[in-house]
Amino acid sequence: MAVILDGKKLRDKLLEKLQKKIDKFEVKPKLSVILVGENPASKIYVNNKQKIAQKIGINSEIIHFSQNISEKELLSKIEELNNDKAVNAILVQLPLPEHISKENVINSINPAKDVDGFTPYNYGKLFSGEKPNVYPCTPKGILLLLDEYNIEIAGKHVVVIGRSNIVGRPVAQMLLDRNATVTMCHSKTQNLAQITKTADIIISAVGKYIIKGEMLKSGCVIIDVGIFKDESGKTRGDVDFETSSKIASYISPVPGGVGPMTIASLMLNTVELFEKSL
Ligand code: NAP
């Protein structure tokens, strides 16, 4: 039976340590989160982030705009936050309404306050093998989780499934920088099971139920990033936990694996940007 990669436990440990650090700061780090519209999932994410930030002493605000705010108004708010010395970290909750260009909005964030690491400056640094101001939250959380359990990365064959800008691409690059041999898979990949069978580590970020025990090499490590509701309304990940946990040596659960690590990374990034600004 696989060892559970407990993201909640590690999140709590990291946040406790971070809180102690923040306690010592005279001025507290400030995170500004922009939410546009009424997407229920986005509202839950934003409120969770706010709750945790406040709990550990980060000064956090949610700036909530209605669905029909113009791109110009949004960009002008970001400009205001860019120029506000009290604000250290800016997060724009995605998705944005269709009439607003996600690229224009992300590109407008000052890279020194880009807590997600998504601006072209930070993204470019990451993909050219240089150090960005901060690493994107979910990939950073995944690496922290692997490291916590002393899972070796160098020389291992890592199969990343999903090529989004927020998870698949950056995590693949970060693993490559840690000397893994990385294979990227996506919706056009043929014979996925043949590829996953050769993986020492699988990172699945799809949002569909695609990995079963029979697709795995014995003793592999599974990081399940996917999170969605099945037909019965149950929250689940990409991986069939029942069959996969019998073959793998380590597995991250959903919920309780990567999700909590993403939030922990956001808090770590906020404090990193704050410290860089001093
Ligand atoms: P995304 O933008 O939703 O894209 C999904 C990716 O999966 C695409 O690259 C797509 O390939 C690929 N894909 C779709 N069907 C596939 C199939 N049958 N076989 C192989 N690949 C397939 O990705 P995302 O934003 O990274 O989100 C992925 C999942 O992770 C979602 O469930 C999301 O909720 C979850 N997530 C969780 C966290 C967390 O903190 N826990 C954070 C971020 C995301 P193409 O590129 O070819 O279309």
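Residues numbered from 1 in each chain as written. Predicted model: local features only at pLDDT ≥ 70, side-chain atom pairs only at ≥ 80, totals over all residues. Heavy atoms only, no water.

### Regarding the overall build of the protein
The number of helices and strands found in the protein is 10 helices and 11 strands. For the protein, the spread of C-alpha atoms along the three principal axes comes to 55 × 45 × 40 Å. By the burial criterion, 50% of the 278 residues in the protein qualify as buried. Across the protein, the fraction of contacts at a sequence separation of at least 24, relative to all contacts at a separation of at least 6, is 70%. Working note: accessible area of the protein is about 13600 Å², and carbon and sulfur atoms make up 52% of it. Within the protein, the 31 negative side-chain charges are centred at a point lying 3 Å from the centre of the 36 positive side-chain charges. (Helix = DSSP H or I, 4+ residues; strand = E, 2+ residues; numbered from the N terminus. Buried < 20%, exposed > 50% of the residue type's maximum accessible area, 1.4 Å probe, protein only. Contact = heavy atoms within 4.5 Å. Areas by Shrake-Rupley, 256 points an atom, 1.4 Å probe, with all protein chains shown as cover. Lys, Arg positive; Asp, Glu negative; His and termini not counted. Charge placed at Lys NZ, Arg CZ, Asp CG, Glu CD.)

### A short note on the environment of Ser-204
Within the secondary structure, Ser-204 is located in strand S7 (residues 201-204). With 58 residues separating them along the chain, Ser-204 and Leu-146 place their C-alpha atoms 14 Å apart. Not counting residues up to four positions away in its chain, the partners in contact with Ser-204 are Ile-161, Ile-210, Ile-211, Ile-223, Asp-224, Val-225, Gly-226 and Asp-238.

### Here's the deal with a nonpolar patch on the surface
On the surface, a cluster of nonpolar side chains totalling about 320 Å² of accessible area is made up of Met-1, Ile-4 and Phe-241. Along the chain, Met-1 turns up in the segment before strand S1 (3-4). (Patch = residues over 30% accessible without salt bridge, like charges linked within 9 Å, V, L, I, M, F, W, Y side chains within 5 Å. Salt bridge = Lys/Arg side-chain N within 4 Å of Asp/Glu carboxyl O.)

### Some points on the pattern of salt bridges
Two side chains that carry opposite charge are able to pair once their charged atoms sit near each other. Evaluation of the coordinates by the stated rule reveals 12 salt bridges. For Glu-148, the salt bridge goes to Lys-13, with nearest N and O atoms at 2.8 Å. Separated by 135 residues along the polypeptide, Glu-148 in helix H6 (residues 137-148) and Lys-13 in helix H1 (residues 7-23) bring together distant segments of the chain. Of the charged contacts in the structure, one is a salt bridge between Glu-130 and Lys-125, with a shortest N-O distance of 2.8 Å. What makes Glu-130 partly exposed here is its relative accessible area of 41%. Taking the relative accessible area as the measure of exposure, Lys-125 reaches 21% and is therefore partly exposed.

### Quick look at the sheet that holds S7
Spatially, six strands are ordered S1-S11-S8-S7-S5-S6 in an open sheet, and the strand pairing comes out parallel. Two strands bound the open sheet, and with one partner strand each, they are S1 and strand S6 (181-185). Judged from the four bridges that link them, S7 and strand S8 (residues 221-224) form a sheet pairing that is parallel. Within S8, the position partnered with Ile-203 by the bridge is Ile-223. (Pairing = 2+ DSSP bridges.)

### Digging into the confidence of the model for the protein
Low pLDDT marks regions whose predicted coordinates should not be analysed in detail. Averaged over all residues, the pLDDT of the protein is 97; the fraction at 70 or higher stands at 100%. Here strand S9 (residues 228-229) stands out as the element of the protein with the lowest mean pLDDT, 92, in contrast to strand S5 (residues 157-161), whose mean of 99 is the highest. (pLDDT = per-residue confidence, 0-100.)

### Observations regarding the pairing of S8
Side chains Val-221 and Ile-223 project from S8 onto one buried face, and the interleaved Ile-222 and Asp-224 project onto a second face that is buried too. Pairing of S8 with strand S11 (residues 250-251), which is carried by two bridges, proceeds in the parallel orientation. Residue pairing for S11: Val-221 is matched across the bridge by Tyr-250.

### Let's talk about the packing of aromatic side chains
Given two aromatic rings, one states the distance between the centres and the angle between the planes to describe the pair. On inspection of all chains with the given rule, the structure shows three aromatic pairs. Ring plane angle 45 degrees and centroid distance 5.0 Å describe the contact between Tyr-123 and Phe-127, whose orientation is recorded as tilted. Placement of both Tyr-123 and Phe-127 in helix H5 (residues 120-127) is noted, with a separation of four residues, approximately one turn of the helix. Of the residues examined, Tyr-123 reaches a relative accessible area of 17% and is grouped as buried. We classify Phe-127 as partly exposed; its relative accessible area is 34%. With a centroid separation of 6.2 Å and 65 degrees between ring planes, the pair formed by Tyr-149 and Tyr-250 is classed as edge-to-face. Pair noted here: Tyr-149 is in the loop between H6 and S5 and Tyr-250 is in strand S11, with a separation of 101 residues, a long-range link. In this structure, Lys-212 is placed above the aromatic ring of Tyr-209, and the distance from its NZ or CZ to the ring centre is 5.2 Å. (Phe/Tyr/Trp six-rings, centres within 6.5 Å; stacked < 30°, edge-to-face > 60°. Lys NZ or Arg CZ within 6 Å of the ring centre and 35° of its normal.)

### Topic: the packing of H5 against helix H7 (residues 168-177)
Closest axis-to-axis distance for the H5/H7 pair is 9 Å, and the angle between their directions is 40 degrees. Across the interface between the two elements, Tyr-123, Leu-126 and Phe-127 of H5 pack against Arg-169, Pro-170, Gln-173, Met-174 and Asp-177 of H7. Broken down by class, the residue content of the contact of H5 with H7 amounts to five nonpolar, one polar and two charged. (Axes fitted to C-alpha atoms, helices over the stretch in contact; angles between N-to-C directions. Nonpolar A, V, L, I, M, F, W, Y, C, P; charged D, E, K, R; others polar.)

### A word on unusual backbone geometry
With an omega dihedral of 5 degrees, the bond running from Leu-94 to Pro-95 counts as a cis peptide bond. Tracing the sequence through the fold places Pro-95 in the loop between strand S4 (89-92) and helix H4 (102-108). Here the residue pair Val-254 and Pro-255 is connected by a cis peptide bond, since its omega of -5 degrees sits within 30 degrees of zero. Relative to the assigned elements, Pro-255 resides in the loop between S11 and helix H10 (258-277). With a phi angle near 55 degrees, Asn-150 is a residue other than glycine that sits in the positive phi range. Relative to the assigned elements, Asn-150 resides in the loop between H6 and S5. Positive phi is not limited to glycine here, since Asn-179 has a value of about 70 degrees. Note that Asn-179 resides in the loop between H7 and S6. Judged by relative accessible area, which is 54%, Asn-179 ranks as exposed.

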